[in-house]
Amino acid sequence: MMAAKAEDGATLSPTSAIILAGSRPGGDAMADSRGIAVKALIPVAGKAMLAHVAETLLGHEAIGPVHLLAQDFSAFWEHPDTVGLDSNDRVIAQTSSATIADSLGKVLDQDDTRYPMLITTADNVLLNRPMIDDFLAAAGSGDIAIAMVEKDVLLASYPASLRTWLKLRGGQYSGANLFYFGSPKAKQLLAYWAEVEQDRKKGWKILTIFGPWLLFLAVTKMLTIHQLAERVGHKLGIKITIVPMKQAEACIDVDKETDLVLAEQILAKRAGESSS
């Protein structure tokens, strides 16, 4: 297994991965409408969401063990697309808690946890090798890296795609469901993550936690996204790196029916390109 390299060419340790595949309280409308036990098993282009993401991570030479977090694994082990994960030596199934923050905290508190870690979600079905390569290279040796997609990048390729945007000086950004925890210091973010987890589509919510002055600077567009990350990191005593992704697809997860249609179109196009 090859290790990833940072932007400066330095060799990085093999990266562990976490796939968040649990269910939200109250269930998921997309899964319920299809009579499917959990959202992660909704088929996209003929294959369960989770299978897309797991295969991409397990097939990448820079990725080591893959932690799979969910409340109940029985549906996964009974599904033909994901049953093989149960016997894969690199997959570690761990029962998740009520919240994402608590679930991540349980993994990070284990004695055998190894950094760095790449964190993504089971509905990030468009995740591919170039995204992983670029993200890990840019994350470097920081404590936390967060992937984002700038609005112009997305709309240049998918003008009809609707996202939630964080508006700052110099651009508008949407999250890409890719996070990097480079050191144990990253755990300091989990307490704040827990407070805003229910408002994850409202990017500005997290800024209220760090004080009115920082919120003011952000909403008045006096800070770039990188300056904002630097200020939050300074407050927490950690290095936070924002990674603007050049792949528009990085911020297209499958959260609604229109996302699923778009994701299937993109996957069909990729399949056609790879076979030509």
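Located above this text is the structure these notes cover.
These notes cover the structure that comes with them. (Residues numbered from 1 in each chain as written. Predicted model: local features only at pLDDT ≥ 70, side-chain atom pairs only at ≥ 80, totals over all residues. Heavy atoms only, no water.)

## Here's the deal with helix α5 (residues 129–139)
This is how the line gets drawn: Burial classes: relative accessible area under 20% of the type maximum marks a residue as buried, over 50% as exposed, and values in between as partly exposed (1.4 Å probe, protein chains only). In DSSP terms, a helix is any run of H or I states spanning at least four residues, a strand is any run of E spanning at least two, and both are numbered starting from the N terminus. Arc definition: directions from the helix axis to the C-beta atoms. Polar contacts, as counted here, are pairs of nitrogen or oxygen atoms within 3.5 Å of one another; within protein the pair requires one atom able to donate a hydrogen and one able to accept it, and residues that are adjacent in sequence qualify only if both atoms are side-chain atoms.
Of the positions making up α5, those classed as buried are Met-131, Ile-132, Phe-135, Leu-136 and Ala-139. Projected down its long axis, α5 carries its buried residues within an arc of 115°, all on one side. Between the side-chain oxygen at the start of α5 and the backbone nitrogen of Met-131 there is a gap of 3.2 Å, and the oxygen is on Asn-128. Taken from the residues just after α5, Gly-140 is the one with a positive phi, measuring 60°.

## Here we look at unusual backbone geometry
Residues Tyr-115 and Pro-116 are joined by a peptide bond in cis, for which omega reads 0°. Positioned with a positive phi, Ala-45 is a non-glycine residue whose angle comes to about 55°. Structurally, Ala-45 is set in the loop between β2 (43–44) and β3 (47–48). You can call Ala-45 partly exposed: its relative accessible area is 43%. Positive phi, normally seen in glycine, also occurs at Asn-177, with a value near 55°. Note that Asn-177 resides in strand β9 (residues 171–181).

## Some thoughts on the nonpolar core
Short version of the rule: Nonpolar core, defined: a set of buried Ala, Val, Leu, Ile, Met, Phe, Trp, Tyr and Cys residues in which side-chain atoms within 4.5 Å join the residues together. The criterion used for residue contact is that any of the two residues' heavy atoms lie within 4.5 Å.
Counting 60 residues, the largest nonpolar core has Ile-19, Leu-50, Leu-57, Leu-68, Phe-76, Phe-135 and Met-245 as the members making the most contacts within it. Not counting residues within four places of it along the chain, the set of residues in contact with Leu-68 comprises Ile-19, Ala-21, Leu-50, Phe-73, Phe-76, Trp-77, Leu-85, Val-91, Ile-92, Ala-93 and Gln-94. Among the nonpolar cores identified, the runner-up in size contains 30 residues, and Tyr-115, Tyr-173, Leu-223 and Ile-238 belong to it.

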